[in-house]
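One-letter residues, chain by chain:
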Amino acid sequence: MSNQNVTEAENSHQGNAAEAVAGIDPDGLSALEAVATSHEASTGAADHSEGGISEHLDHAVTVREVFQIPVGNSTIPITETVVVSWVIMAVLIIVAKIFTKKLETFPGKVQNFIEAVVDGINSLCKDILGHHWKHFSAYFGTVILFLGIANTIALLEIPWLKPPTKNINVTAALAIMTILLVLGSQIRFKKVSGMIKSWFEPNPIMFPFHLMDYIIRPLSLCLRLFGNIFGAFIMMELVIIASQKLLLPPIFSLYFDIFDGLLQAFVFVFLSMLYVGEAIE
Amino acid sequence: MSFTALGAAIAVLTGLGAGIGIGIATGKATEAVARQPEAANQITKTLILGMALSEATAIYGLVVSILIMFVVKG
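No experiment lies behind these values; they were computed from the predicted model shown.

Visitor: Please explain the overall build of chain B as it appears in this structure.
Guide: Across its full length, chain B carries three helices and zero strands. Taking 11 Å as the expected radius of gyration for a compact globule of 74 residues, we find that chain B reaches 17 Å, considerably beyond that expectation. C-alpha atoms of chain B, sized along the principal axes, occupy 55 × 15 × 10 Å. By the burial criterion, 24% of the 74 residues in chain B qualify as buried. Looking at chain B alone, contacts between residues at least 24 apart form 78% of all its contacts between residues at least 6 apart. Carbon and sulfur atoms form 74% of the exposed surface of chain B, whose accessible area is close to 4,600 Å².

Structure (structure tokens):
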């Protein structure tokens, strides 16, 4: 509640102090501090007091609702995470449409680059999945491109473009998709009988562990991606507060946004491939 | 608030194990590449896999401490 009011005060640039004071919860900051926070935030500088930083972080990690889609009696809330995901999807689709329009036998610079990316994904699939790679490379390519852009999108420095993977729901959905793919490919390539047989290999004692794999693997995939991106996001916020946007953020951003983001995108897809490869071998 | 922060700090100590583990793994990988430079590709892939798995413990600690900081809130 207090958070919302501080947000409003920040949004109106010359934050109306009286409004901010009225909205403060008794257990929150003292009214004076809150006014200072909202005022300082509106002038672009962060507050150095302890309460200021925690308020700032709280404000930064809150996922806000953008609009609602009415369905019958209830409504589906659409958060900014979903909107950013849609933007990334739209960009990916448009880029794919534009750059594959005129494919030529002797590729130009752009087509060369696109071919290199696709070829890299395909050869990674071939390495891990063997001769079934063709069924999976499209899906894994899509996921790695989406995650690669989603994890590094904070580089654009547009306030509402926060990495969607810092929301645990996104990574949970991706992890569930991976484990469904594992189950589906097991049934497709080994049939149900082969799948059940594989649970009792190398000996029946392993049965509960094989079942636990279906829960632990998506859980760790989900938490790994979420933890890394969320941790990096908070670190970047702290660096920005500490350095007052001078010099340090680009240096730290090299590690936290670019290196960590791309590495985690790769690791997510790599582990998914390993799980699928193990399921169909 | 102070005890919440303390709890979060203790939870994030799991990073210790991951740091040691990744350090050992990277050291061994360096040795392996020095001994057999032609296998560098395969070694790098295995290293990344191992790092991702051992890093998971640190991430669990981080997630728990984030939960303590932002959900429990003391």
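Visitor: Honestly, the interface of chain B and chain A in this entry has me stumped. Any pointers?
Guide: The partner chain A presents 20 residues to the 14 residues of chain B that form the contact. Summing both sides of the interface, chain B and chain A together bury roughly 1,500 Å²; the carbon and sulfur share of this comes to 75%. Together, Lys-45, Ile-48 and Phe-70 of chain B form the three largest contributors to the area buried by chain B at its contact with chain A, with a combined 33%. One can count one salt bridge joining chain B with chain A. Connecting chain B to chain A are two residue pairs in polar contact (both at pLDDT 80 or more). For the side of chain B that touches chain A, the residue count by class is 11 nonpolar, no polar and three charged.

Visitor: Looking at this structure, I do not really get the environment of Ile-48 of chain B. What am I missing?
Guide: Looking at where Ile-48 of chain B falls in the secondary structure, it is placed in helix α3 (residues 40–72). For the pair Ile-48 of chain B and Ile-22 of chain B, spaced 26 residues apart in sequence, the C-alpha separation works out to 9.7 Å. Residue contacts for Ile-48 of chain B: discarding those within four places in its chain leaves Phe-266 and Val-267 of chain A.

Visitor: For this particular structure, what's the right way to read the packing of helix α9 (residues 207–243) of chain A against α3 of chain B?
Guide: Helix-helix packing is characterised by the crossing angle of the two axes and by the distance between the axes. Following both chains from N to C, one finds α9 of chain A and α3 of chain B inclined at 65°, their axes separated by 8 Å at the closest point. For the crossing formed where α9 of chain A meets α3 of chain B, the hand is left-handed. Seen from α9 of chain A, the contacting residues are Ser-220, Leu-223, Arg-224, Phe-226, Gly-227, Asn-228, Phe-230, Gly-231 and Ile-234 of chain A; seen from α3 of chain B, they are Ala-52, Leu-53, Glu-55, Ala-56, Ile-59, Tyr-60, Leu-62, Val-63, Ile-66 and Phe-70 of chain B. Tallied by class, the residues present in the contact of α9 of chain A with α3 of chain B amount to 13 nonpolar, four polar and two charged.

Visitor: Any chance you could explain the confidence of the model for chain B here in plain terms?
Guide: Keep in mind that low pLDDT regions are not for reading the predicted coordinates in detail. Residue and element names in this part refer to chain B. With 96% of its residues at a pLDDT of at least 70, chain B reaches an overall mean of 87. Across chain B, helix α2 (residues 15–35) holds the top mean pLDDT of 93, while α3 sits lowest at 85. Scored as a complex, the prediction yields pTM 0.78 and ipTM 0.80.

Visitor: Mind showing me how you'd approach the environment of Thr-79 of chain A here?
Guide: All names here are of chain A. Within the secondary structure, Thr-79 sits in strand β2 (residues 74–79). A C-alpha to C-alpha distance of 21 Å links Thr-79 and Gly-231, two positions 152 residues apart in sequence. Excluding anything up to four places from it in sequence, Thr-79 contacts Val-63, Arg-64, Glu-65 and Val-66.

Visitor: Hey, could you run me through the packing of aromatic side chains in this one?
Guide: Residue and element names in this part refer to chain A. Across all of its chains, the model carries 11 aromatic pairs over all chains by this definition. Ring centres of Phe-252 and Phe-256 lie 6.2 Å apart, and the angle between their planes is 10°; this geometry places the pair in the stacked category. Placement of the pair is Phe-252 and Phe-256 together in helix α10 (residues 248–280), with a separation of four residues, close to one helical turn. For Phe-252, a relative accessible area of 31% puts it in the partly exposed group. On the numbers, 5.1 Å between centres and 85° between planes, the contact of Tyr-255 with Phe-256 is edge-to-face.

Thresholds applied
- Residues numbered from 1 in each chain as written.
- Chains lettered and ligands numbered in written order.
- Predicted model: local features only at pLDDT ≥ 70, side-chain atom pairs only at ≥ 80, totals over all residues.
- Heavy atoms only, no water.
- Helix = DSSP H or I, 4+ residues; strand = E, 2+ residues; numbered from the N terminus.
- Rg over C-alpha atoms; globule rule 2.2 N^0.38 Å.
- Buried < 20%, exposed > 50% of the residue type's maximum accessible area, 1.4 Å probe, protein only.
- Contact = heavy atoms within 4.5 Å.
- Areas by Shrake-Rupley, 256 points an atom, 1.4 Å probe, with all protein chains shown as cover.
- Buried area = accessible area lost by both parts, 1.4 Å probe.
- Salt bridge = Lys/Arg side-chain N within 4 Å of Asp/Glu carboxyl O.
- Polar contact = N/O pair within 3.5 Å; in protein donor to acceptor, adjacent residues only side chain to side chain.
- Nonpolar A, V, L, I, M, F, W, Y, C, P; charged D, E, K, R; others polar.
- Axes fitted to C-alpha atoms, helices over the stretch in contact; angles between N-to-C directions.
- Left-handed = near helix turned anticlockwise from the far one by under 90°.
- pLDDT = per-residue confidence, 0-100.
- Phe/Tyr/Trp six-rings, centres within 6.5 Å; stacked < 30°, edge-to-face > 60°.

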